[in-house]
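# Architecture at a glance
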Amino acid sequence: MLLGIDVGGTFTDAVVLRQGEVVAQAKRATTHDDVLQCVLAALDAVLQLGMAQELERVVISSTIVTNALTEGSLPPAFLAIIAGPGMNVKGHLPVTPYYLSGYVDHRGKITANIDWSRHQELLRRKGSGVCAVSGKFSVRNPQLEYQAEHELKKCGYSKVFLGSELSGELNFVRRSNSTYFSAQVYELFIRFCRRVERALAERGISAPVHILKADGGTLPLEAALQQPVEAVFTGPAASVLGIEALCAPQVNSISLDVGGTTTDIAFWENGLPLMARKGAVVAGYPTAVRAFHMRSIGIGGDSRLHKTEKGYVVGPEREGPAAAVGGSIATLSDALITAGYVHFGDEERAQAAIAALGGEPQAEARKIVAAAVEQIKTTIREMLDEWAKQPVYTVNDVIKGTEFIPQQLIGVGGGAPGLIRALGESMALPVDIPAGAMVANAIGAAVARPTLSAGLRADTTDGYYIIPEGGKREALPRRFNKQAAEELLASWLREQTAQWQLPDQETELISYEHFHTVHGYYETGDIYSLRMQLKPGILYKVSGREVSF
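As a starting point, this report considers the structure included with it. All residue numbers refer to position in the chain's written sequence, counted from 1. In keeping with the predicted nature of the model, local features appear solely for residues at pLDDT of at least 70, side-chain atom pairs appear and are counted solely at 80 or more, and the whole-chain, interface and lining totals rest on all residues. Hydrogens and water are ignored here; the side-chain numbers use all heavy atoms of the structure.

Another point: the overall build of the protein. When its secondary structure is counted, the protein shows 15 helices and 27 strands. The globule rule used for comparison is 2.2 Å times the number of residues to the exponent 0.38, while the radius of gyration itself is calculated over C-alpha atoms. Taken against the 2.2 N^0.38 rule, which gives 24 Å for 549 residues, the C-alpha radius of gyration of the protein at 25 Å falls within 12% of a compact globule. C-alpha extents for the protein along the principal axes are approximately 80 × 55 × 50 Å. Long-range contacts, defined here as pairs at least 24 residues apart, represent 66% of the contacts in the protein between residues at least 6 apart. Averaging the positions of the 52 positive and the 59 negative side-chain charges in the protein gives two centres separated by 5 Å. Secondary structure counts use DSSP, requiring at least four H or I residues in a row for a helix and at least two E residues in a row for a strand, with both numbered from the N terminus. We call two residues in contact when some of their heavy atoms are within 4.5 Å. The sign given to each residue is positive for Lys and Arg and negative for Asp and Glu; His and the chain ends receive no count. Positions of charges follow a simple convention, taking NZ of Lys, CZ of Arg, CG of Asp or CD of Glu.

In structure tokens, the structure reads:
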């Protein structure tokens, strides 16, 4: 049996699955001051007698990293960078970094070592806690990062995150931001993880615990602690996986996960969600975190209604529960009830709350719903435009273009039945709301496959290859080619799979580059650069069931 828990902005959901069937599900209010409280409340609601011993895996999708980084509630961490000459990173990083001397060139050669005589003030400082180090081109030679890590630990820092180990991608700014955010959130994240472990042990649960990542994969708890920034934006990822498990679309589709606070929007093509071609943006800064092509908008069932001279604005604040279920002020849910799109709670209270805004209730409700729909359509148009403007990378893209034309809408989440129906009418698109939509995120978390990814760069002229994520730099075998490169990287990924006791699964190539090196008009060797991953996705399809909470 599999257990999935998803912490949303309004509710926390939990499901237990057995062989593709939902055997227990629960929904509890999210406690923002102490996320673990609502996680355990949902967990206790689904655990039945004897079930703890049958669980094979627990996966948690939590907002703890996202909220901490986007709300700016954490103290800054120390960040040291090795930028070398010719690059100004001012304004591109969340904090003012400490600049270390030294430089690694684009081929991975150390052209200047760190001159520690210039950094005596740094060496004398009394550090504590966690810090980050990131060097330009460190993914091609991490030795200067290792030197900095050694010195910073002598200063008192207990843990040092290195950019080369967090991402094998070349983009220095994205890699530096990922490294910084991992250091900043680490102590909060490790406290949460340890509390989760203790709470599960108290309930007799010995199954491995995984954390959902932004790219829809999972990592064992200990592995996630090595790259905590990967746990950002897991809610949107969970909804995508839930849809894939319940009703993966066969035509170009737009999925919308409508919660009480936000709506998460994703695009689907050929039955799979589209991935962002660049990393996720966290707190306004680009990172190397791989994520889906998604957007969150501050519109949900509990959204506050603002009446202006030009009409209504819905959200982004969450007002509280709808008047129909005991709230004191009208929300979007009350408008959907009054307009006839959904039927739940006390409909007379919903109508009275809408009437308090002025005007005839049904007419005002239709205006409110129309305003919410138009705000969502504006976001969808922005996403479509963003996707169309992406660089063309393949022959297929050149022939067919990158334009995305949606053919249907898919809705999940508690607010989906009414709002997506209204959106479908406005966009003239059919709407699919699958059974199990109310807990789709928890289902997605439960069935997510474990994933690991890594890169390899080989230079036959210098005779070495490097896997940055593992700090591995070794001599090349004889007769090196693309096949040999793939075999080396796949072998390393299998070693990591065994180390973390993950199920054996297929690896796939996600990027590849090869070009010749030339010196004095003659070819002298080859450079191979590739990335592979354990194939992401879901473990199996799930049959959802309708339920009232």
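Below, the discussion takes up the sheet that holds strand β27 (residues 522-534). Consider a sheet: its strands pair through backbone hydrogen bonds, and that pairing is either parallel or antiparallel. Taken in spatial order, the 5 strands of this open sheet run β25-β24-β23-β27-β26, and their pairing is antiparallel. Strands with a single pairing partner mark the edges of an open sheet, and in this sheet they are β25 (472-475) and β26 (507-519). Direction aside, neighbouring strands of the sheet carry axes that sit 15 degrees apart on average. Here, strands pair whenever DSSP counts at least two bridges between them. Looking at chain direction, β26 and β27 are connected through 12 bridges and run antiparallel. Residue pairing in the sheet places T507 in a bridge with L534 of β27. Axes here mean lines fitted to C-alpha atoms, for a helix over just the part in contact, with angles spanning 0 to 180 degrees between N-to-C directions.

Let us now look at the packing of aromatic side chains. Each Phe, Tyr or Trp ring, with Trp reduced to its six-membered ring, pairs with another whose centre is within 6.5 Å; inter-plane angles below 30 degrees give stacked pairs, above 60 give edge-to-face pairs, and intermediate values give tilted ones. Summed over the entire model, instances satisfying the criterion amount to 6 aromatic pairs. Look at F78 and Y98: their rings are 6.1 Å apart centre to centre, the planes differ by 45 degrees, and that puts the pair in the tilted class. Taken together, the residues F78 in strand β5 (residues 78-82) and Y98 in strand β6 (residues 98-99) connect sequence positions 20 residues apart. For F78, a relative accessible area of 13% puts it in the buried group. A connected cluster of aromatic rings, assembled from ring pairs, spans F78, Y98 and Y157. By definition, being over a ring means that NZ of Lys or CZ of Arg is both within 6 Å of the ring centre and within 35 degrees of the ring normal. The cationic tip of R473 hangs over the ring face of Y464; the distance from NZ or CZ to the ring centre is 3.8 Å. Above the face of the Y512 ring, K482 is positioned so that its terminal group lies 4.5 Å from the ring centre. Classification of residues uses two cut-offs on accessible area relative to the type maximum, computed with a 1.4 Å probe and protein chains only: under 20% is buried, over 50% is exposed, and between them is partly exposed.

What follows deals with the environment of I110. In this fold, I110 is placed in strand β8 (residues 110-112). Sequence separation between I110 and A248 is 138 residues, and the spatial gap between their C-alpha atoms is 49 Å. Excluding anything up to four places from it in sequence, I110 contacts Y103, V104, N141, Q143 and L144.

Turning next to helix α11 (residues 361-388). Because the α-helix completes a turn every 3.6 residues, residues three or four places apart line up on one side. Each residue after the first adds 1.5 Å to the expected span of a helix. Here α11 spans 41 Å end to end across 28 residues, near enough to the 40 Å set by a 1.5 Å rise per residue. Looking at where α11 begins, the residue whose side-chain oxygen comes 3.2 Å from the main-chain nitrogen of Q362 is E360. Polar contacts here mean pairs of N or O atoms no more than 3.5 Å apart (in protein, one a potential hydrogen donor and the other a potential acceptor; neighbouring residues in sequence count only if both atoms are side-chain atoms).

Counting buried residues along strand β23 (residues 453-459), 6 of its 7 residues qualify, which places the element largely inside the surrounding structure. Where β23 and β27 come together, 7 bridges link them in antiparallel fashion. Directly across from D459, in β27, lies its bridge partner I527. The sheet contact formed by β23 and strand β24 (residues 464-467) spans 3 bridges and is antiparallel. In the strand pairing of β24, R457 is matched with I466. Hairpin geometry of β23 and β24 is characterised by an intervening segment of 4 residues between the two adjacent antiparallel strands and by a positive phi of about 75 degrees at G463.

Another aspect to go through is the pairing of strand β10 (residues 159-162). One face of the sheet, then the other: side chains in a regular strand alternate in exactly this way. Direction of pairing for strand β9 (residues 130-135) relative to β10: parallel, over a ladder of 4 bridges. When the bridges of β10 are listed, V130 appears paired with K159. With its strands directed away from the observer, a crossover is right-handed exactly when the path from the first strand over the helix to the second travels clockwise. The parallel pair β9 and β10, bridged by helix α4 (residues 143-154), forms a crossover whose chirality is right-handed.

What follows is about the packing of α11 against helix α13 (residues 416-427). In a packed pair of helices, the relevant descriptors are the angle between the two axes and the axis-to-axis distance. The contact between α11 and α13 brings their axes to 10 Å, and the two run at 70 degrees. Taken together, α11 and α13 sit at an angle that is classed as roughly perpendicular. When the axes of α11 and α13 are compared, the crossing they make is right-handed. Contacts between α11 and α13 pair V369, A372, V373, I376, K377 and I380 from the former with L419, A422, L423, S426 and M427 from the latter. Residues of the contact of α11 with α13, tallied by class, amount to 9 nonpolar, 1 polar and 1 charged. We call two directions roughly parallel when the angle between them is under 35 degrees, roughly antiparallel when it is over 145, roughly perpendicular when it lies between 65 and 115, and oblique otherwise. Here is the rule for handedness: rotate from the far helix to the near one, and if that takes an anticlockwise turn smaller than a right angle the crossing is left-handed, while a clockwise turn gives right-handed. Under this grouping Gly is polar, as are all residues other than the nonpolar Ala, Val, Leu, Ile, Met, Phe, Trp, Tyr, Cys and Pro and the charged Asp, Glu, Lys and Arg.

All right, on to the sheet that holds strand β12 (residues 218-220) then. Spatially, 6 strands are ordered β3-β2-β1-β4-β11-β12 in an open sheet, and the strand pairing comes out mixed. Where the open sheet ends on each side, the last strands, each with one partner, are β3 (21-29) and β12. Across the sheet, the mean angle from the axis of one strand to that of its neighbour is 20 degrees, orientation sign disregarded. Sheet topology places strand β1 (residues 2-7) next to strand β2 (residues 11-18); 6 bridges connect them, and they run antiparallel.

Here the focus is the side chain of S61. Along the chain, S61 falls in strand β4 (residues 57-61). A distance of 2.8 Å separates the side chain of S61 from the side chain of D6, its partner in a polar contact. Beyond its immediate sequence surroundings of up to four residues, S61 is in contact with I5, D6, V7, L212, T234, G235, A238 and A445.

For helix α14 (residues 440-447), the buried fraction is high: 8 of the 8 residues fall into the buried class. Listing the buried residues of α14 in full gives A440, N441, A442, I443, G444, A445, A446 and V447.

It is worth spelling out unusual backbone geometry at this point. The peptide bond linking G315 to P316 adopts the cis configuration, its omega dihedral lying at 0 degrees. Turning to its location among the elements, P316 is positioned in strand β20 (residues 311-318). Not every positive phi belongs to a glycine, and F137 is a case in point at roughly 65 degrees. Turning to its location among the elements, F137 is positioned in the loop between β9 and α4. Taking relative accessible area as the criterion, F137 reaches 17% and is therefore assigned buried.

Mapping E149 onto the fold places it in helix α4. Between the alpha carbons of E149 and G520 there is a distance of 38 Å; along the sequence they are 371 residues apart.

Attention shifts here to the packing of helix α1 (residues 35-46) against helix α6 (residues 172-202). Two elements in contact, α1 and α6, have axes separated by 11 Å at closest approach and are oriented at 30 degrees. Here α1 is positioned roughly parallel relative to α6, judged by the angle of their axes. Considering how the two elements wind past one another, α1 and α6 form a crossing that is right-handed. Only F192, R195, V196, A199 and L200 of α6 make contact with α1, whose side of the interface consists of V35, L36, L40 and L43. Partitioned by chemical class, the residues of the contact of α1 with α6 number 8 nonpolar, no polar and 1 charged.

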